[in-house]
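Chain residues, written in single-letter form:
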Amino acid sequence: MRDIAFRQQFLTTLLLMPLTFLLWYAAGPALTYPATIVAGLALEGWLPSIVAEVFTEGTEFYVVTHFADINGSVVAANQADHDIAFKLNTRLVSYGVPFYAALLWSSRVDSLVGRFCLGLFVLWGLMAFGLVAMAAKDLMLVIGDPFLTLGSVPPMPIIGLAYQTSVLLIPSLAPVMIWLFQLRDTPLWRQLADQLESSRSSE
Amino acid sequence: MSKFLIIFIAALSVLFTVELLIPVQTHVIQPFTTGLATVSAAIITPFDENVISSGRVLRDAAGGFAVSIESGCNGVEATIVLLAGVLAFPASLRQKLIAIGLGFVAIQALNIARIISLFYLGQWNYTIFEWFHLYLWPVLIMLDVLIVFALYLRWLATRDASSVEQASGHA
């Protein structure tokens, strides 16, 4: 019985993934909109002397700075006729949504919509963090000192770590963690918890 | 369960940070990634003699298309997630080592399939290559980790059950 449930879970997840990825693609910026709003507010509030404007076009998130580039040197934007801006692909931090949807929709749990909304809410927070980390990495590499010497900016290794975590780990791992957490009332989860207890007591 | 989560997140953070250290990248990750390119080329060559590997790059000598295996494409992050999960879950050292060894093979087998598929998808259609590279394959690799970990838990449960049966049989 347990074997069937196990296979069913993962096979259904695999079968649902084309559909959820298609829906995610069709939804375009709608699924990332709250995250881009939060990321924009965070960047403008955190770095008012660096970030002039943030805006979204489709699934691209733009960060416009107060700086420009003249012959390879970073100068204040008012000394030039252009600004340095970064274009960030929001799909890089949002592709966990269709994965999470496939995992959850293939599980035998009640109130699927409520759980999905809750999970999506958490994912939006992580996406916003990811967008801020991506912007911080670009600011570190392109703007350099004017950004890095600000008191509120963490050291370079922390920015690098936040970027790598946000792009390489969180989009694929966070859906699994949220899904597992949301299974906690199910027989499968209780069985796992019992196994943990028995393993611990036999150690 | 909370103890499992704390150990898992702590192990994940430590291992991921260690992986990003420059000496680890230079002496472990980059040679390993070069090895992946070599193995991928060795698998393809019997079917496609135009494929050559050079360092971390897999190249089609005829068409000129090439893929470079970078961080995030070498399966190391996925292995770290599995490692953290196995370390956090109570089991004997032998059981953990078996899980890590077999899990590593399972993840890297799928990862080589990823590299080879991306090499040919890129020559066929760049948009589809981008889709698979950036969005689909990372998720499939994480699903592989999840399946390996779930199989490991089932194996532990089976062994526990047979140990209990043996003990009651002896009694």
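Now for a look at the structure at hand. Bear in mind the structure is a predicted one, so any value in this text is a computation, not a measurement.

**Some remarks on the overall build of chain A**
- A tally of regular secondary structure across chain A gives eight helices and five strands.
- Overall, chain A shows an N-to-C arrangement of helices and strands of α-α-β-β-β-β-β-α-α-α-α-α-α.
- Over its C-alpha atoms chain A spans a radius of gyration of 21 Å, topping by over 25% the 17 Å that the globule rule assigns to 203 residues.
- Referenced to the eigenvectors of the C-alpha coordinate spread, the extents of chain A come out at roughly 70 × 45 × 25 Å.
- Across the 203 residues of chain A, 35% fall into the buried class.
- The long-range share in chain A, meaning contacts at least 24 apart out of those at least 6 apart in sequence, stands at 65%.

**Quick look at the sheet that holds strand β1 (residues 51–57) of chain A**
Residues and elements named next belong to chain A.
- One open sheet accounts for three strands, arranged β1-β2-β5; its pairing is antiparallel. In the strand order of this sheet, the two ends are held by β1 and β5 (85–89), each with one partner. When the angles between neighbouring strand axes are averaged without regard to direction, this sheet yields 20 degrees.
- In this structure, strand β2 (residues 60–65) lies alongside β5, joined through five bridges in antiparallel fashion. The residue of β5 that forms the bridge with V63 is F86.
- The strands touched by helix α2 (residues 33–46) are β1 and β2; relative to β1, the strand with the most contacts, the crossing angle is about 170 degrees.
- Relative to β5, helix α5 (residues 112–143) is tilted by about 145 degrees, and along the sheet it contacts β2 and β5.

**Observations concerning α2 of chain A**
Residue and element names in this part refer to chain A.
- The end-to-end C-alpha distance of α2, which contains 14 residues, comes to 20 Å, matching closely the 20 Å that a straight helix rising 1.5 Å per residue would cover.
- Considered for burial, the residues of α2 that qualify are A35, T36, A39, G40 and L43. The arc that holds every buried residue of α2, seen down its axis, measures 130 degrees, which confines them to one face. α2 presents L41 and G45 as exposed residues on the side facing more than 90 degrees away from its buried surface.
- Contacts from the buried residues of α2 go to β1, β2 and α5.

**Digging into the nonpolar core**
- Grouped together as the largest cluster of nonpolar side chains are 70 residues, with contacts concentrated most on Y100, L131 and A135 of chain A together with M142 and V145 of chain B.
- In terms of residue count, the dominant contributor to this core is α5 of chain A (13 residues).
- With residues up to four places along the chain from it excluded, the contact list for V145 of chain B reads A78, V81, L82 and I107 of chain B.
- Counting residues in hydrophobic clusters, the runner-up holds 13 residues, among them A41, L58, I69 and I116 of chain B.

**What to know about the interface of chain B and chain A**
- Contacts between the two partners involve 24 residues from chain B and, on the opposite side, 26 residues from chain A.
- Counting only elements with at least two residues in the side of chain B that touches chain A, the list comes to α1 (2–20), α3 (76–88) and α5 (126–170) of chain B.
- Looking at the side of chain B that touches chain A element by element, the count peaks at 13 residues for α5 of chain B.
- Looking at the side of chain B that touches chain A residue by residue, the class counts come to 19 nonpolar, three polar and two charged.

**Considerations on the sheet that holds strand β2 (residues 57–60) of chain B**
Residue and element names in this part refer to chain B.
- Read across the sheet, three strands follow the order β1-β2-β3 without closing on themselves; strand pairing throughout is antiparallel. Either end of the sheet is taken by a strand with one partner, and the two such strands are β1 (51–54) and β3 (66–68). The sheet shows a mean angle of 15 degrees between the axes of neighbouring strands, taken without regard to direction.
- Sheet topology places β1 next to β2; four bridges connect them, and they run antiparallel. Considered in β2, the bridge of V51 is made with D60.

The rules behind these values
- Residues numbered from 1 in each chain as written.
- Chains lettered and ligands numbered in written order.
- Predicted model: local features only at pLDDT ≥ 70, side-chain atom pairs only at ≥ 80, totals over all residues.
- Helix = DSSP H or I, 4+ residues; strand = E, 2+ residues; numbered from the N terminus.
- Rg over C-alpha atoms; globule rule 2.2 N^0.38 Å.
- Buried ≥ 20, exposed ≤ 12 C-beta atoms within 10 Å, placed from the backbone.
- Contact = placed C-beta atoms within 7 Å.
- Pairing = 2+ DSSP bridges.
- Axes fitted to C-alpha atoms, helices over the stretch in contact; angles between N-to-C directions.
- Expected span 1.5 Å × (residues − 1).
- Arc of directions from axis to C-beta.
- Core = buried A, V, L, I, M, F, W, Y, C linked by C-beta atoms within 7 Å.
- Nonpolar A, V, L, I, M, F, W, Y, C, P; charged D, E, K, R; others polar.

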